[in-house]
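For reference, the chains in residue letters:
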Amino acid sequence: MKTTFKTNVRRMSSMLAGLLCAAAMTPNPVMAQAPADSEQAARVQWWREARFGMFIHWGLYSIPGRGEWVQWSEQIPVNQYAKLADQFKPTHFDPKAWASLAKSAGMKYTVLTARHHDGFALFDDGDNPYTSVKSGAHRDFVAEYVKAVREAGLGVGLYYSPLDWRFPGFFFPDLQRESAEAMRAQYHRQVEKLMSNYGKIDVLWFDGGETDWLNFSGEWAGAEAIAEWKKRGYGKHYQGGFSWQHDQVHTTLRRLQPQVLINGRADMPPDFRSREGDGALGDFDNEHPWELCTTIAGAWGYQPNMQPKPLKHYLQLLANVAGRDGNLLLNVGPAPDGQIDASQAARLREIGGWLGQYGKSIYATRGGPFLPGEYGASTHRDQTIYVHVLKWPQGQDKLALPAIPVRIVGASVLTGGTVRYTQTGQGIELAVPSAARNDIDTIIALQLDSPATAIKPLPVPK
């Protein structure tokens, strides 16, 4: 039986890193996602205008360099993994350099992993020895990070995981109730410290805190569970007696930081939803603020020599996200010494160079009115529609768009060249000479005689 259990644990390890991504793509039925109210809309306005941010996964897991899930995936004993804390002494940690790089990339906010699932905190947590303050570094990295990012004029975000692999109560919340309650006490205490000790925090990015993620959304009850772990069926929820008491945390958050934006991963009223990974790009949604988070290369946590994808990939992803009315949070995983890989930093600066030229088609825009399709996507602001043509129709010299109830009074190509347009009651046709088409994104600006916000989203024919 012990051999069977260990085999199943190894089998789970290959599955579980992807389960959080799947959960992010599926709305959590435990909590109704109500439409944005006026207060929420006011809180989220700056963030929606920002459109682009930097995610930073950094912690003990950077030392082995096999991703942020290394402790779980390799089943490293808690006490053995904890020894990394005395080795975590980053000689080149420079949050000002991180903030400068984010600005060079055209990013408007950053989110740092204050504490990941391994339980190690990058901030001061009183007598808790498992922090960067009480171990090798003897530094409060969150404090230094917040100061640097705020001075750079960027939005300050913190990632926090209520889940902690050191507590058996996460896996068996009812059988190990005392452990689960201790984990909950840590969660409540640490969130209050993060919201109390570091000034204004703009974003609190929860992960792994949904009630349905207890025991990794699995069914452990009964002898058959020992033989084969199975994921809880779709539409089924945790039925045990343990509660994270997220409502109390939400009250604390709104009392201490009424402006802080909360994502939808902790069973409390969210300001925005999270989609995870390139494959979770999903559909157009201009009713609920949302964000796609993905990595620039490899895992979320540091892996050496991971090369970024071509510039085209990120720019087209950014256009596709903005055209669906979302934000893009692009992750880097700094090395143990605190430095971001040079090739990844170079790619980020290239993104920033493009945004320096064409950022007006991304920042402070809303998605649509032409819905995303094979051609690409569109954004708009005031009386301008930006058509991001990522792929011209094969064998055709024109792009056909649906009719709109306003008049086009002018058109230009931001990326160079000229555009001819015709507008009738049946639709719009845009033609740009082949030689003037940009391989990454041909951005056509359509000037209207009235605001584009009045136009309802329209599908684009294939």
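You'll find the structure just up there.
Remember, it's a predicted structure, so these values are computed and weren't measured experimentally.

What counts, and at which threshold
- Residues numbered from 1 in each chain as written.
- Predicted model: local features only at pLDDT ≥ 70, side-chain atom pairs only at ≥ 80, totals over all residues.
- Heavy atoms only, no water.
- Helix = DSSP H or I, 4+ residues; strand = E, 2+ residues; numbered from the N terminus.
- Rg over C-alpha atoms; globule rule 2.2 N^0.38 Å.
- Buried < 20%, exposed > 50% of the residue type's maximum accessible area, 1.4 Å probe, protein only.
- Axes fitted to C-alpha atoms, helices over the stretch in contact; angles between N-to-C directions.
- Parallel < 35°, antiparallel > 145°, perpendicular 65-115°, else oblique.
- Left-handed = near helix turned anticlockwise from the far one by under 90°.
- Contact = heavy atoms within 4.5 Å.
- Pairing = 2+ DSSP bridges.
- Salt bridge = Lys/Arg side-chain N within 4 Å of Asp/Glu carboxyl O.
- Nonpolar A, V, L, I, M, F, W, Y, C, P; charged D, E, K, R; others polar.
- Phe/Tyr/Trp six-rings, centres within 6.5 Å; stacked < 30°, edge-to-face > 60°.
- Lys NZ or Arg CZ within 6 Å of the ring centre and 35° of its normal.
- Expected span 1.5 Å × (residues − 1).

Visitor: Describe the overall build of the protein chain, and please don't skip the residues or the numbers.
Guide: From N to C terminus, the protein chain includes 12 helices and 18 strands. Here the protein chain has a C-alpha radius of gyration of 23 Å; the compact-globule value for 462 residues is 23 Å, and the two agree. Counting only C-alpha atoms and orienting by the principal axes, one finds that the protein chain spans roughly 70 × 50 × 45 Å. Out of the 462 residues in the protein chain, the part that is buried amounts to 56%.

Visitor: So what's going on with the packing of helix α11 (residues 311–323) against helix α12 (residues 342–358)? Residues and values would help.
Guide: Across the interface, α11 lies against α12 with an axial gap of 10 Å and an inter-helix angle of 50°. Considering their axes alone, α11 and α12 lie oblique with respect to each other. Judged by the sense of rotation from one axis to the other, the crossing of α11 with α12 is right-handed. Residues Leu311, Tyr314, Leu315 and Leu318 of α11 form the contact with α12, whose own contacting residues are Arg347, Glu350, Ile351, Trp354 and Leu355.

Visitor: Tell me about the sheet that holds strand β16 (residues 420–424), residues and numbers included.
Guide: The strand order β14-β17-β16 describes an open sheet built from 3 strands, whose pairing is antiparallel. Single-partner strands in this sheet number two, and they are β14 (399–401) and β16. Averaged over all pairs of adjacent strands, the angle between their axes in this sheet comes to 15°, without regard to strand direction.

Visitor: An account of the pattern of salt bridges is needed here, citing residue identities and associated values.
Guide: The final tally for this structure, using the stated rule, is 20 salt bridges. Among the ionic pairs, Arg115 bridges to Asp164, the shortest N-O distance being 3.7 Å. Taken as a pair, Arg115 in strand β2 (residues 109–115) and Asp164 in the loop between β3 (155–160) and α7 (168–171) lie far apart in primary sequence, 49 residues in all. Note that Asp174 and Arg177 form a salt bridge whose closest N and O atoms lie 2.6 Å from each other.

Visitor: Tell me about the packing of helix α5 (residues 95–104) against helix α6 (residues 141–151), and name the residues and values.
Guide: α6 packs onto α5 with a crossing angle of 40° between their chain directions and a minimal axis gap of 8 Å. Between α5 and α6, the angle is such that the two are oblique. At the point where α5 passes α6, the crossing takes the right-handed sense. Residues Pro95, Lys96, Trp98 and Ala99 of α5 form the contact with α6, whose participating residues are Glu144, Tyr145, Ala148, Val149 and Glu151. Residues that form the contact of α5 with α6 fall into these classes: 6 nonpolar, no polar and 3 charged.

Visitor: Could you give an account of the packing of aromatic side chains, with specific residues and numbers?
Guide: Across all of its chains, the model carries 30 aromatic pairs by this definition. Ring centres of Trp58 and Phe88 lie 4.9 Å apart, and the angle between their planes is 50°; on these two criteria the pair is classed as tilted. Highlighted residues: Trp58 in the loop between β1 (52–56) and α3 (70–73) and Phe88 in the loop between α4 (78–82) and α5, separated in sequence by 30 residues. By relative accessible area, Trp58 is classed as buried at 1%. Take Phe88: its relative accessible area is 1%, and that puts it in the buried class. Ring pairs connect the aromatic residues Trp58, Phe88, Phe93, Trp98, Phe120, Tyr130 and Phe141, which therefore count as one cluster. Lys108 extends its terminal NZ or CZ atom over the ring of Tyr363, reaching a point 4.5 Å from the ring centre.

Visitor: With reference to specific residues and values, describe the sheet that holds strand β15 (residues 408–413).
Guide: The strand order across the open sheet built from 5 strands is β11-β12-β13-β18-β15, with neighbouring strands paired in antiparallel fashion. Looking at which strands have only one partner, the edges of the open sheet turn out to be β11 (366–367) and β15. Relative to strand β13 (residues 384–389), strand β12 (residues 376–381) runs antiparallel, the two being bridged by 6 bridges. Paired with Ala377 across the strands is His388, a residue of β13. Against the sheet, α11 touches β11, β12 and β13, its axis set at about 60° to β12.

Visitor: Account for helix α2 (residues 38–50), naming residues and giving values.
Guide: Here α2 contains 13 residues, and its C-alpha end-to-end distance of 19 Å stays within 8% of the 18 Å for a straight helix at 1.5 Å per residue. All of the buried residues in α2 are Gln40, Arg43, Val44, Trp47, Arg48 and Ala50. A positive backbone phi angle near 65° is found at Arg51, which sits one or two residues after α2.

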